[in-house]
Structure formats: structure tokens, C-alpha cells
2 protein chains.
Amino acid sequence: MSSNKTISGFSKLSKTGKIKWVVENFFKDPEHVMHELKSWWHHDKEQQRLLDGFSENTISNFPMPFGIAPNFLINGKTYAVPMVIEESSVVAAASSAAKYWLDRGGFHAKVLGMKKLGQVHFSWRGKAEKLESVFDELKEELRKDAAPITANMEKRGGGVLDIELVNLTHLEPNLYQLKVSFDTRDSMGANFINSVLEEFAKTLDRFISFHPIFDENEERDVNIIMSILSNYTPECLVRAWVECPVADLGTFSGGYTAQSLAEKFAKAVRIARLDPHRATTHNKGIFNGIDAVVLATANDFRAIEACAHTYAARDGQYRSLSQCTVENGIFRFWLDIPLALGTVGGLTKLHPIAKHSLELLGHPSAEELMEIIACVGLAQNFAAVRSLVTTGIQQGHMKMHLANILNHLGANEQESEKVMQHFEGKVVSFTGVREYLDAVREGAGVKV
Amino acid sequence: MSSNKTISGFSKLSKTGKIKWVVENFFKDPEHVMHELKSWWHHDKEQQRLLDGFSENTISNFPMPFGIAPNFLINGKTYAVPMVIEESSVVAAASSAAKYWLDRGGFHAKVLGMKKLGQVHFSWRGKAEKLESVFDELKEELRKDAAPITANMEKRGGGVLDIELVNLTHLEPNLYQLKVSFDTRDSMGANFINSVLEEFAKTLDRFISFHPIFDENEERDVNIIMSILSNYTPECLVRAWVECPVADLGTFSGGYTAQSLAEKFAKAVRIARLDPHRATTHNKGIFNGIDAVVLATANDFRAIEACAHTYAARDGQYRSLSQCTVENGIFRFWLDIPLALGTVGGLTKLHPIAKHSLELLGHPSAEELMEIIACVGLAQNFAAVRSLVTTGIQQGHMKMHLANILNHLGANEQESEKVMQHFEGKVVSFTGVREYLDAVREGAGVKV
């Protein structure tokens, strides 16, 4: 291997040039790796070019399994939900929960708000009361100057909702912000919001520099620090729920009656409300479902995650996003989660599979997609907690993990059966399975 | 379209059977969609079967761009970092920050702890002091019974570190937990931890049922609620940092001197410490980098996200994960983040591209991967904040988004140039671009 591990102008190389440099300088078997990386390219050059355009310095495609969770009854409408996830059991669990609730009235969801947010952060040494006294005038200027940018969004029924002056000088000397709320309709709105905010920043700068109310010198100096959307949108919120008489829950493995299952389930959810260590894992399970649909529809899972986790910590302690009650014979399980999603804009129409995801869901509006995704999160959470409080989760996980490894090692049916027998109730590791399989293949399985 | 939107036994259908049911019941042009979904399958059936095994009900592969950010100097070693991300500018920004710090001593990182956690939650009506008085005895039993499961991990230098009894009866009647800490070496450890905990639960149940210290009747009744790892691992922590004399920062677009840039940069980071609305977006940017490498190495980004966001809220307010100081002429920018990662186990060796990611990084240990990923997060944050406090981010974003759309619409060079000219400084929307491009193509570009 050469030691040429730094490079100038990498981004200017052709795709093949990039791969060549990477495999020659970092891999033991460059030819083989190059062949494997190229094997994942799409055969249609235009499709591949489109995909490469989404990011930079691309050399291959990273394939994620695209699966379907059918039988989701949500607000009376039936969906087959597209899910992109590399973790085993997630799609199976969502499907199982969907089927379970299909017979019990299905899932329900309601959007509680669609408000997006953005901020212009600035430093200013002037008197706050002066700025407040002319703030209405400033707002008018801000809206007027941004009109060319907001016109189209207004035609679609959205736009700037409100502009607020926030004084943060008690936390940091001279620090203020314009806190702006938006309605961005069916788009996630990041580009729109950032464009408006950058325009607002220019207007703010000019307004303070030239308005006669401000004294000469330092009161005219405003320092725009940054203008950017906030991914924390607690009022872009959706509620999803399931409910049924406790008696209708049925019986469960482990010999649970409906009543005992309901109470144990509710207790498990309460634990996730009161213990942050449990809350993190509980919410992680919700996101297994949520992110899978977010990815499948080419939305941005980092934005979704950051927002909802901040929301989970809003009262000063990190808590479960879902809640459960068993009262007056009714089992009720629900989830409040902020989800800033788009069904137009971004990659939604551009990604070759994501566009089919949206068609599969019946071309939903952003509100409908919020409802669908919140329900999938709730379904995932239901399946996980049900499994945790009854059989435990390891049984299923280990079985799937073992099957993956056997698959990878090319085990035939007979070999697989022997290995599965051996590992029943044991911890599955790649090395352990390979060693045992080797032994089976050498006809020495019994000795291991 | 038929209205056969629910189904029994979907998971039992063949892959082609699944696609057929989906396209026939949910799509307007079933043949075309089936063809497109199939076009993303890998031509090698074994490769495709492996990938399908990772999840359930799979019908296609969802391709994510696999890109390279070269020139990452971390603890004196140079890496080309694999990144899987669908968002434009992320890989370009990481590469730019890597190159920038390559000339300024590179990135530094240090693992501060590797402790993983798990919990056995249980209800019990007995006297806490009694259980505490025999807890050492219980611990011995727990370790002994789990020995067949822990033996292999102990050979690798890991295992159960400590077992603690946590009394939560002040929060919920009769609620306790075993809080268990683990060293899982180079594996993320979820399967190992869950297997140990489920074994612990059995021992706990038996111990309380039969130990002579407990009175008959209700003191012998323990109710195991659930046994599961905690994804919140604040002591599985890594610190990443960059530092250099302020003078060495150079000059920046917008006419910033090194000193003024450093101060403005530090102020932007302080704002993300004190304002949760900004903190969410700031940390989201860090995760743009982190998740891209987490995905590329087949680690679980939901686990990583849930953990670090909980950590960001640990003092009662959600805050920036990174911090910055400008003191005594030194610019210092750092990030503390818990990252529970694996470089063995799970899909790391199984995913056809992820295994090459790990080879590209030189087959790192889990500790080394923690350091690499924390540095990529810091690099991403550096690039984002630098861009925010100087030119703003829209200029670059809009350009890339426009290029994607033109690409999708098959615009030639001449057409692209006209459209780009028109949209300079304007908000880019798919519909807007298509309409203008149509006009250009009809030779009527000037009228729009």
C-alpha cells in the first residue's frame, strides 16, 4: 500500500478517478473492492447521475432494505407503509402491531399544529425599549422586503405568521433575536425559511442603521450573528393514539390476561416517563418506526430526531414521548410528537424510490404524512413494549441475527438446522457461528 | 385500482408476490413501478438475498449516496471517511473542514469511558432493607448463573462491570431496578447485554422466591416488568477537539479577520448553549456528520441519536453538545458526546458496503471509531457555524438544490445556464424551475 493518504482536488476527480484513489491508497485488494463498489451502481446512467447529485464525492450506493408494513388502518383509511431500515424485526413488529389494531378500530391521529420556526440572532448595544417602540414599523419593513420571496408560499396558503423580538441580554450581553414563525404548507420549508430569514437580516441591519430613533454611534451598529431555521418546532405537533376496552386486548404469550397485560404495559410506559435511562431506549424504539418512514419518503431524519428529543426533555427531564392509561375498563395508548415533514420540495420528488413511497401512501399532504408517521412510531412502541413485558425481546432477535449470519456464510438447510439447534438459548456471535459451522462442515459438529 | 388494501399472510408471500400485491393495489401504473422497484435489486442473487435478510417484507433496495470525505487528520493519522447521507452539502462541508484543519494540527480525540448500561425493572412489595442486606449474595448468584453467557466476552476482556440496586419506590409504588454496567469491547453489545439481563431476571425471580430472609406471601412475589439495555450511556463518552492560535485561523469571506471570526464563531456556539431552539439545530448539524459515518459503518443511528440528545439535556436544559473558547490568543473548539458503537457484531461484517467502510478506516477498534466519528461531527459543526456567521448557508444550498432539479429534468448545459441565471438570489422550487425550464425550452424564457 502506498502512503498517499492526503489529496488536493479530490472533488474535481471523475467518479472513477475518486474510486481509484480511494482503493489504491486504503485497500489491500483494490481491484476487488473497486468491482464491489461499482456493482451497486444503477445500470441506468441517468438514474445513477441523479442519485450522485444528492451528495458529493460519491463512489457507490449504500443499499438499505426497502420493506412494507401492510394493514395500517389510520383514521379509517388503510395504508401499506414503506419502511427503510437496516435493523431486523422493526418492519415485522410494525406489521404485527398494525394487524393487531386493525381488528380493534385501528390507529387515530390528529395534527395539533403546523407552525415552523426560524431565528435571526443579533448583537446590539442600543436601548431595548427604543427598538420595541418601533418594532411594528420594523415588522412591516421586514414583510415588505421579503415579499418577493414569500409571494409564492402565500399563494399556496402559507407564509410568515408572526415576528417576535426576543431579548436575551440577561443571558449574554447585547444578545437579541427575531423569532419568526412560518406556515410552509406541504413543504418541510427549510430553504424557504432560511431565504426569508437571510432577507430579514438585511432589512434589520438597514433599519437599525438608518432609523432616526437611534442615536449616532454605537446604537446604529448591529451585528447579525446568524439567520437560520430552528429544527425545534414544538407547535408542529401531531397526536397518535389507539384505544379499546381492556377486555378486547385478548390474551398474550406467557399466560397474561388482558387486564394483567394492560396494567403491566401501562407500568412499563410509566417507567419510561420517570427514568431517563429507560426513556432514551423507549423513545429509540419509537424512532425505529418513525425514521424508517422518514427515510422512505426522503425526509430528513436528523431534523426529526433532534426536534422530538428536545421535545422529550422540555419539562427539564428527558421522558417517554408516549403515555398509557388503563381507566374505567379502557386501554388507551398515545404519542405526542413534533414532526416537521414535507411531501413536496427537497428530495421527495427526486429520489427514485422515495417518490414511489409517496405514491404508495396515496400522495399525502404534509399533515397526513405527520399522522401516518406518528402512528407507525406508536405501533413500533406498542410492539416493543408488548414484547418486553411478555416474552422479552432476545428470543426473536437472536433468531434473526443467526439467520443473517448463516445466510452470509452460505449455510445450506441441513447445516443451518444443526447450527440453530446448537445456538438455541445461547448468545449468537459471528465468530461463534462460523466456528461451529466449520465444525459441522468437517463432520465434527458434535465435538464443539 | 382494486380496493384490496388489507391482507393476511403478506410476509409469507414470495418477494415477487409481495411486489405484485403492493403495486396492483396501490399504484396507478403497476407494471412500470414493479420494473423500477426491481431495477434497484443487485444483479447477484446471493448479495440481494443477504440484504433482504437484514429486514422483513423487503421489495427493493433504497439507495443512499455513499461518499468520501478525505484528508481527516485525527490523532496524527490520516483517514478518508465514508459517509452515507442524502442531504446535499454535508460531505462537501466535512471535506472542507477536514482540509482546513489538516494545515492546523488536525483533529484530536480521546475516549473518556466505554461503559454500557442495562436495567432489569421489577415490582416488589418487600422491605428494601432486607433485599439490600442480601444483595451481595444475590450479585454472586447473578454472575454465576450468567457465566455461560458472559464467558466469551470475558475472554475478550469485557463482561459485567457492576450491579446496582436502585430503589424507585418514591416515584412509583414498589418499583426497583437492577442497574447493570458492562464492558462490551468492540461490539455495540445490545444482544450480549439483553441476554445477560434476561438471565439476571430469572435469577432475581428465583432468589427472591426462595431466599429464607423473605417472609412468606407477598414478600416472595416479584414481578419482572422488563429486562433491556439502556441506550443512554453517558459514560461511554468521547471528546473531540481542534485548537490553534487565533492568528493561524486565516481570513474569511465577508472580510473577517481571524480575531473577529473567532469571536463571532464563539458567540454563535454560546447561543447554542443558552437557547434550546438554536441548540436543536446546532446539534442536528453535528449529527449530519455523525449519522453519515454511523450509517456507513452499519451502526444504529437511532441509538446514537437518542443517547446524545438525552445527554444534551442532562442538566435540565437542552444545550449544544459543542463548546468554544477564545482565550489567551488560542481558538479552541470541542465536542463531548456519548457514542455506543461497534466494529464487530451486528451488521458490521455483513453489510456489503459497510464492511468496506471499516476496511477504509483501517479496521478500527470501537474506541478508534468513536474518535473518528466524534471528529467528523465536530468538523461538520465547524463548517456549518463558519458558514452561518460569514456568508450564510442559503447561497450554497440553493445552488445545489437547483442543480439536482435541473439534473432530474434532463436540462442540457445551455438550458441549465439560463435557468441558473434566472434563479440567482431567488428561492428555488421544483415547480418554479420546471415552469421556467419549460418556457426556456419553448424559446419563451424572457416572458416568465
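## Examining the overall build of chain A
Within chain A one finds 15 helices and 10 strands. Along the three orthogonal principal directions, the C-alpha set of chain A runs to about 90 × 70 × 40 Å. The buried share of chain A, reckoned over its 448 residues, is 63%. At a minimum sequence separation of 6, the contacts of chain A that also span at least 24 residues come to 70%. As displayed, chain A offers around 17,000 Å² of accessible surface, 49% of which is attributable to carbon and sulfur atoms.

## A few points about the side chain of B:Lys18
Along the polypeptide, B:Lys18 turns up in helix 1 (residues 15-26). Despite its burial, B:Lys18 pairs with no opposite charge, the nearest such side chain being B:Asp52 at 8.6 Å.

## A short note on the sheet that holds strand 2 (residues 77-84) of chain A
On the basis of which strands lie adjacent, the open sheet formed by 4 strands has the order 2(A)-1(A)-1(B)-2(B) and antiparallel pairing. Of all the strands in the sheet, just strand 2 of chain A together with strand 2 (77-84) of chain B have a single pairing partner and so form its edges. Neighbour-to-neighbour, the strand axes of the sheet open up by a mean angle of 30°, direction not taken into account. Judged from the 7 bridges that link them, strand 1 (residues 58-74) of chain A and strand 2 of chain A form a sheet pairing that is antiparallel. For A:Phe72, the partnering residue across the bridge sits in strand 2 of chain A and is A:Tyr79.

## With respect to the interface of chain B and chain A
Contacts between the two partners involve 139 residues from chain B, matched on the other side by 139 residues from chain A. In total, about 12,700 Å² of surface goes out of reach between chain B and chain A, with carbon and sulfur atoms giving 62% of it. Between chain B and chain A we count 8 salt bridges in total. We note a salt bridge from A:Arg302 to B:Glu86, for which the minimum N-O separation is 3.1 Å. The interface formed by chain B and chain A holds 60 residue pairs in polar contact (both at pLDDT 80 or more) in total. At 13 residues, the largest contribution of residues to the side of chain B that touches chain A is made by strand 1 (residues 58-74) of chain B. Among the residues forming the side of chain B that touches chain A, the class breakdown is 68 nonpolar, 47 polar and 24 charged.

## What about the relation of the copies chain B and chain A?
Between the two copies of the chain lies a relationship made up of a rotation around an axis and a movement along it. The two copies are related by a screw operation: chain B maps onto chain A through 180° of rotation and 0.0 Å of translation along the axis, at an RMSD of 0.0 Å. Expressed as a symmetry operation, the mapping of one chain copy onto the other fits a two-fold axis. A share of 100% of the interface residues of chain B reappears at the interface of chain A, consistent with the copies meeting face to face through the same patch.

## Re the environment of A:Ile337
Residue and element names in this part refer to chain A. Note on placement: Ile337 falls in strand 10 (residues 330-338). By relative accessible area, Ile337 is classed as buried at 0%. Sequence separation of Ile337 and Glu46 is 291 residues, and the distance between their C-alpha atoms is 38 Å.

## Looking at empty space enclosed by the protein
All names here are of chain A. In total, this model carries 5 cavities of 30 Å³ or more according to the counting rule given. Of the voids in this model, the largest cavity is the one considered here, and its volume is about 80 Å³. Lining the largest cavity are Lys116, Leu117, Met188, Ile193, Leu229, Ser230, Asn231, Thr233, Ala303, Ile304, Cys307 and Ala340. Secondary structure elements with two or more residues in the lining of the largest cavity: strand 4 (116-124), strand 7 (222-230) and helix 10 (301-312). Examining the composition of the lining of the largest cavity, we find that 3 residues originate from one element, helix 10, more than from any other. Per-class residue counts for the lining of the largest cavity are 8 nonpolar, 3 polar and 1 charged.

## With respect to helix 15 (residues 430-441) of chain A
Helix length check: helix 15 of chain A, at 12 residues, gives a terminal C-alpha distance of 16 Å against a target of 16 Å (1.5 Å per residue), a fit within 8%. Among the residues of helix 15 of chain A, those classed as buried are A:Phe430, A:Val433, A:Tyr436, A:Leu437, A:Ala439 and A:Val440.

## A look at the nonpolar core
Ranked by internal contacts, the top residues of the largest apolar core, which has 323 residues, are A:Phe72, A:Phe122, B:Phe72 and B:Phe122. Excluding anything up to four places from it in sequence, B:Phe72 contacts B:Lys77, B:Thr78, B:Tyr79, B:Val81, B:Ala94, B:Ala98, B:Phe107, B:Cys375, B:Val376 and B:Ala379.

## Some words on the domain arrangement of chain A
Split by domain assignment, chain A resolves into domain 1 (1-63), domain 2 (67-111 + 237-383), domain 3 (116-230) and domain 4 (396-442). Each of domain 1 of chain A and domain 3 of chain A has a C-alpha centre, and these two points are 43 Å apart.

## A few points about the sheet that holds strand 4 (residues 116-124) of chain B
All names here are of chain B. Overall, antiparallel pairing links the 4 strands, which are arranged 5-6-4-7 in an open sheet. Because the sheet does not close on itself, it has two edges, and the strands there are strand 5 (159-167) and strand 7 (222-230). On average, adjacent strands in this sheet sit at an angle of 15° to one another, irrespective of strand direction. One ladder, built from 8 bridges, connects strand 4 with strand 7; its direction is antiparallel. Within the sheet, the bridge partner assigned to His121 lies in strand 7 and is Met226. Of the strands in this sheet, strand 4, strand 5, strand 6 (175-183) and strand 7 are in contact with helix 7 (residues 190-210), which crosses strand 7 at around 160°.

## Description of the environment of B:Ile225
Topologically, B:Ile225 is positioned in strand 7. Residue classification places B:Ile225 among the buried positions, given a relative accessible area of 1%. Taking C-alpha positions, B:Ile225 is 55 Å from B:Leu406, a pair spaced 181 residues apart along the chain. What B:Ile225 contacts, discounting residues up to four positions off in sequence, is A:Lys264, A:Lys267, A:Ala268, A:Ile271, A:Leu388, A:Val389, B:His121, B:Phe122, B:Ser123 and B:Leu175.

## As for the pairing of strand 3 (residues 108-111) of chain A
Residue and element names in this part refer to chain A. Along strand 3, the buried face is formed by Ala109 and Val111; none of His108 and Lys110, which line the opposite face, is buried. Looking at chain direction, strand 3 and strand 8 (residues 237-245) are connected through 4 bridges and run antiparallel. Within strand 8, the position partnered with Lys110 by the bridge is Arg239.

## Comments concerning unusual backbone geometry
Residue and element names in this part refer to chain B. For Arg185, which is not glycine, the phi torsion reads 50° and is therefore positive. Here Arg185 is to be found in the loop between strand 6 and helix 7. One non-glycine residue with positive phi stands out, namely Asn328, at about 50°.

## Things to note about the packing of helix 8 (residues 258-274) of chain B against helix 12 (residues 366-389) of chain B
Residue and element names in this part refer to chain B. Where helix 8 meets helix 12, the closest approach of the two axes is 10 Å, and the angle between their N-to-C directions is 110°. For the element pair helix 8 / helix 12, the angle class is roughly perpendicular. Seen along the crossing, helix 8 lies across helix 12 with a hand that is right-handed. In this structure, helix 8 uses Leu261, Lys264, Phe265 and Ala268 to contact helix 12, whose residues at the interface are Phe382, Val385, Arg386 and Val389. Here the residues of the contact of helix 8 with helix 12 are counted per class, giving 6 nonpolar, no polar and 2 charged.

## Some thoughts on the side chain of B:Thr78
As for its placement among the helices and strands, B:Thr78 is situated in strand 2. In contact with B:Thr78, not counting residues within four places along its chain, are A:Lys5, A:Thr6, A:Phe26, B:Asn71, B:Phe72 and B:Leu73.

## A short note on the packing of aromatic side chains
All told, the structure shown has 33 aromatic pairs over all chains when counted by the stated rule. Seen in terms of ring centroids, A:Trp124 and A:Phe214 are 5.3 Å apart; in terms of plane orientation they differ by 80°. Their pairing is edge-to-face. Of this pair, A:Trp124 sits in strand 4 while A:Phe214 sits in the loop between helix 7 (190-210) and strand 7; the two residues are 90 residues apart in sequence, bridging distant segments of the chain. Of the two residues, A:Trp124 and A:Phe214, both sit in the buried class. An aromatic cluster of at least three residues, connected via ring pairs, comprises A:Tyr100, A:Trp101, A:Phe265, A:Phe331, A:Phe333 and A:Phe382. The lysine or arginine in question, B:Lys5, covers the ring of B:Phe26, its NZ or CZ lying 4.4 Å from the ring centre.

Basis of the calculations
Residues numbered from 1 in each chain as written. Chains lettered and ligands numbered in written order. Predicted model: local features only at pLDDT ≥ 70, side-chain atom pairs only at ≥ 80, totals over all residues. Heavy atoms only, no water. Helix = DSSP H or I, 4+ residues; strand = E, 2+ residues; numbered from the N terminus. Buried < 20%, exposed > 50% of the residue type's maximum accessible area, 1.4 Å probe, protein only. Contact = heavy atoms within 4.5 Å. Areas by Shrake-Rupley, 256 points an atom, 1.4 Å probe, with all protein chains shown as cover. Lys, Arg positive; Asp, Glu negative; His and termini not counted. Salt bridge = Lys/Arg side-chain N within 4 Å of Asp/Glu carboxyl O. Pairing = 2+ DSSP bridges. Axes fitted to C-alpha atoms, helices over the stretch in contact; angles between N-to-C directions. Buried area = accessible area lost by both parts, 1.4 Å probe. Polar contact = N/O pair within 3.5 Å; in protein donor to acceptor, adjacent residues only side chain to side chain. Nonpolar A, V, L, I, M, F, W, Y, C, P; charged D, E, K, R; others polar. Least-squares fit on C-alpha atoms with pLDDT ≥ 70 in both. 1 Å grid on protein atoms, 1.4 Å probe; cavity = no way out; pocket = protein on both sides within 12 Å on 5 of 7 lines; lining within 4 Å. Points joined across faces, edges and corners; volume = space filled by probe spheres on them. Expected span 1.5 Å × (residues − 1). Core = buried A, V, L, I, M, F, W, Y, C linked by side-chain atoms within 4.5 Å. Domains from an automatic or database assignment. Parallel < 35°, antiparallel > 145°, perpendicular 65-115°, else oblique. Left-handed = near helix turned anticlockwise from the far one by under 90°. Phe/Tyr/Trp six-rings, centres within 6.5 Å; stacked < 30°, edge-to-face > 60°. Lys NZ or Arg CZ within 6 Å of the ring centre and 35° of its normal.

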